[in-house]
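Here are the chains, one letter per residue:
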Amino acid sequence: MAPSDEYDPELEEEYEFLSMHYSDLFEPPEKMIREKVVGLLEHYNIHLTPYQKNVELSLIASAFIESK
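Residues numbered from 1 in each chain as written. Predicted model: local features only at pLDDT ≥ 70, side-chain atom pairs only at ≥ 80, totals over all residues. Heavy atoms only, no water.

All right, on to the environment of Val38 then. Considering the arrangement of structural elements, one finds Val38 in helix H2 (residues 31–43). Take Val38: its relative accessible area is 35%, and that puts it in the partly exposed class. For Val38 and Leu48, which are 10 residues apart along the polypeptide, the C-alpha to C-alpha distance reads 7.8 Å. (Helix = DSSP H or I, 4+ residues; strand = E, 2+ residues; numbered from the N terminus. Buried < 20%, exposed > 50% of the residue type's maximum accessible area, 1.4 Å probe, protein only.)

Set out below in structure tokens:
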């Protein structure tokens, strides 16, 4: 299968199946739950950095490694 950030028209049928199969499993939690989790993590000095694509994660990781 193509990487998640590339679209392969030959796999259209598989994309449709995957989106249907997982659409109910991976829904964002309610705002109240997100706030509680973020508050708990911040209490232990853990800070989340959201990202949308793997390239963003790579940049974040590179910046972290360079700072150490």
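Under the criterion given, the structure shown has one salt bridge. A salt bridge links Glu35 to Lys31; the shortest N-O distance between them is 3.9 Å. With Glu35 and Lys31 both in helix H2 and four residues apart, the pair spans about one turn of that helix. Judged by its relative accessible area of 55%, Lys31 is exposed. (Salt bridge = Lys/Arg side-chain N within 4 Å of Asp/Glu carboxyl O.)

Take the confidence of the model for the protein chain next. When pLDDT is averaged across the protein chain, the result is 76; 60% of the residues are at 70 or more. At the low end of the mean pLDDT range in the protein chain sits helix H1 (residues 12–22), at 60; at the high end sits H2, at 92. (pLDDT = per-residue confidence, 0-100.)

Let us look at H2. For H2, built from 13 residues, the straight-helix expectation of 18 Å at 1.5 Å per residue is met to within 8% by its first-to-last C-alpha distance of 18 Å. A positive backbone phi angle near 60° is found at Asn45, which sits one or two residues after H2. (Expected span 1.5 Å × (residues − 1).)

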